[in-house]
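Structural overview
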Amino acid sequence: MNNIPMHVSLIMDGNGRWAKERGMDRFYGHIEGVESVRACVEAAALAGVKYLSVYAFSEENWNRPQEEVASLMGLMVKAMAAEMDRLDSNGVRFMVIGNRDRLDAELNSVIDSCMERTASNSGLTLIVFLSYSGKWDILQAAKKMVSEALASGDSAESILSMPLEGFDSYLSTAGIPDPDLIIRTSGESRLSNYLLWQGAYSELLFVDTLWPDFRKDEFNSALEEYAKRDRRYGKVK
Ligand code: IPE
Ligand code: IPE
Ligand code: MG
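In what follows, the accompanying structure is described. (Residues numbered from 1 in each chain as written. Chains lettered and ligands numbered in written order. Predicted model: local features only at pLDDT ≥ 70, side-chain atom pairs only at ≥ 80, totals over all residues. Heavy atoms only, no water.)

This part covers the state of the cysteines. Evaluated as defined, the whole model comprises 0 disulfides. Cys40 takes part in no disulfide bond, and the closest cysteine sulfur, belonging to Cys114, lies 19 Å away. Residue Cys114 is classed as buried on the basis of its relative accessible area, which comes to 3%. (Disulfide = S-S within 2.5 Å. Buried < 20%, exposed > 50% of the residue type's maximum accessible area, 1.4 Å probe, protein only.)

The next subject is the environment of Asn2. Mapping Asn2 onto the fold places it in the segment before strand 1 (7-11). Exposure remark for Asn2: the relative accessible area of 66% places this residue in the exposed category. A sequence separation of 207 residues divides Asn2 from Thr209, and the C-alpha atoms of the two residues are 24 Å apart. (Helix = DSSP H or I, 4+ residues; strand = E, 2+ residues; numbered from the N terminus.)

Before going further, it helps to examine the pattern of salt bridges. Evaluation of the coordinates by the stated rule reveals 22 salt bridges. One salt bridge in this structure joins Asp13 and Arg17, with 3.5 Å as the shortest N-O distance. By sharing partners, the salt bridges in this structure join Asp180, Glu203, Glu225, Lys228, Arg229 and Arg231 into a single network. (Salt bridge = Lys/Arg side-chain N within 4 Å of Asp/Glu carboxyl O.)

Right, let's talk about the site of ligand 1 for a bit. Inspection of the region around ligand 1 gives 13 residues, with Asp13, Gly16, Arg17, Arg26 and Arg64 positioned closest. Interatomic distance of 2.8 Å between a side-chain N/O atom of Asp13 and an oxygen atom of ligand 1. Between Arg64 and ligand 1, the recorded distance is 2.8 Å, taken from a side-chain N or O atom to an oxygen atom. Computed on the free molecule, ligand 1 has an accessible area of 380 Å², of which 87% lies beneath the protein chains in the complex. Of all the secondary structure elements, the ones that give two or more residues to the shell around ligand 1 are helix 1 (15-21), helix 2 (26-47) and helix 3 (66-89). Among the elements that take part in the shell around ligand 1, helix 1 stands out by supplying 3 residues, more than any other. (Near = heavy atom within 4 Å. Polar contact = N/O pair within 3.5 Å; in protein donor to acceptor, adjacent residues only side chain to side chain. Areas by Shrake-Rupley, 256 points an atom, 1.4 Å probe, with all protein chains shown as cover.)

Moving on: the packing of helix 2 against helix 3. At a minimum axis separation of 11 Å, helix 2 and helix 3 run at an interaxial angle of 30°. The pairing of helix 2 with helix 3 is recorded here as roughly parallel in orientation. When you trace helix 2 past helix 3, the crossing you get is right-handed. Only Glu68, Ser71, Leu72, Leu75, Ala79, Glu83, Arg86 and Leu87 of helix 3 make contact with helix 2, whose side of the interface consists of Arg26, Phe27, His30, Ile31, Val34, Arg38, Val41 and Glu42. (Axes fitted to C-alpha atoms, helices over the stretch in contact; angles between N-to-C directions. Parallel < 35°, antiparallel > 145°, perpendicular 65-115°, else oblique. Left-handed = near helix turned anticlockwise from the far one by under 90°. Contact = heavy atoms within 4.5 Å.)

What follows is the structure, given as structure tokens:
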């Protein structure tokens, strides 16, 4: 396949509706959704995608019923622990990005050990956005940039004239290329506070498939759709 995106990002939506359609609790949709992540990781690696990221839990998702939040956090711990051997032996580098201050100690420690274990792997990079919000990211980047400048004694004038270039290095995604393609499942056409800065020139693809049904074929179809897009970046071609 030609024109393979370097970074594909998935807004995994529709787990609750998938379960509801089957008369099951929302939680079963989340469990089944883990299988879709596995399928997409395999399809991405096979296609030559270098970075695959998934939006797993937004800052706003903390406002869901306490039981759902708790079961989702428990599922993250279980899924990471269960998948890590396979990911590591396939050379996958695993990362979690988001406001980790809000995660509990057990989850943070599983994340740390998975990240450390796979840090030097050179295959696909899998990034899980957890407790993430695009606005949070931009604000923390601005604060970091200013506090660094203040610490090195920069004048107010030089702080106020800081250029756009280099701002990326303060974002939580520093070093990761911006997503070429952002796919959202379940028929919703919105970003829900995801990668607001980094997605400035991403190709967007909204599909009706619910996340638990989004597997290898759906992923490959999305790559085919991307290959047809004409990215102009504001220029005339
Ligand atoms: C996506 O599925 C998973 C998370 C946001 C954690 P939802 O749980 O949002 O499922 P729907 O949108 O209610 O069907
Ligand atoms: C977006 O899904 C967040 C994730 C997929 C993690 P939501 O289901 O939370 O989004 P809204 O509430 O429909 O915008
Ligand atoms: Mg949803």
